[in-house]
Amino acid sequence: MLNSEDLNRFSLFSSLSSQDIAPLLPNLIERRYRRGQILFVEGEIGSSVYFVLTGQVKLSRSTQTGEKQIIDWCGPYECFAEVLLLESGSYAATAEVIKDSTLLVLNNEIMPRLLEANPALSVALIRTLSRRLRLAQEFIRILTNRSTTGILAALLLRLARPAVTTGRPIFVDASMTHKDLASMIGTSRECVNRAINGWKRAGILKLVDGRLEILKPHELADWP
């Protein structure tokens, strides 16, 4: 059964007390989706925000040439479509389930009432959206100032998950292929192959149990 501790693991709710979270719990609908299901398509009008409990969801959009560009991957305890938290509108991307997933779905029609009654929730929402805006601005700066390899290095750090156990390195899920990574930064799979293989030889990355572990994140952070 969903409880406040589950929600505290999402960055949007991590600073909230159990009392602040309690009004949200009855409004979150738990749903299960199979691999390959489409949650929504780019341009579709919607009113729901999604929170990943288990599994993985890919977000993509079409380029001017009609190609599909991956813009993000969302795993456990990440949310997406949060731009619709306050009002309905069009989805900026297509969401496809990559692994069998359990998601929480929140309809935005209840948010005005909840935010008025819970100032702490309002502040947490503003902080989260501001942080995401700063991260987006920083990645745009990287796109214009680094080499393709440097952009890939920044992308790996942005996609990295926390260590599985204490003392282990952060990692990127290896189910994300080199082709997927190339799509996210507009380069070729061969370019990604060369960079990642070079970092493996240098001891910066290591493939372990289906995870691409980042052993030296500081070197990726400083990659030109």
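Note that this is a predicted model, so its numbers are computed, not measured. (Residues numbered from 1 in each chain as written. Predicted model: local features only at pLDDT ≥ 70, side-chain atom pairs only at ≥ 80, totals over all residues. Heavy atoms only, no water.)

Regarding the pattern of salt bridges
Here's step 1: In total, this model carries eight salt bridges according to the counting rule given.
Here's step 2: Between Asp 72 and Arg 158 there is a salt bridge, and its shortest N-O distance comes to 3.9 Å. Note that Asp 72 is positioned in strand E5 (residues 68-74) and Arg 158 in helix H5 (residues 148-159), a separation of 86 residues in sequence.
Here's step 3: Residue class for Asp 72 comes out partly exposed when judged on its relative accessible area of 22%.
Here's step 4: Residue Arg 158 is classed as partly exposed on the basis of its relative accessible area, which comes to 37%.
Here's step 5: Across the salt bridge formed by Glu 213 and Arg 211, the nearest N and O atoms sit 3.3 Å from each other.
Here's step 6: Looking at Arg 211, the relative accessible area reads 19%, which means it is buried.
Here's step 7: Shared partners join several salt bridges into a network, and the residues in it are Arg 168, Arg 211 and Glu 213. (Salt bridge = Lys/Arg side-chain N within 4 Å of Asp/Glu carboxyl O. Helix = DSSP H or I, 4+ residues; strand = E, 2+ residues; numbered from the N terminus. Buried < 20%, exposed > 50% of the residue type's maximum accessible area, 1.4 Å probe, protein only.)

Digging into the sheet that holds strand E11 (residues 211-214)
Here's step 1: Taken together, the three strands give an open sheet; going across it, the order is E9-E11-E10, and neighbouring strands pair in antiparallel fashion. Whereas interior strands pair on both sides, the edge strands pair on one side only; in this sheet they are strand E9 (171-173) and strand E10 (205-208). On average, each strand axis in the sheet is inclined to that of its neighbour by 25 degrees, with strand direction left out of account. (Pairing = 2+ DSSP bridges. Axes fitted to C-alpha atoms, helices over the stretch in contact; angles between N-to-C directions.)

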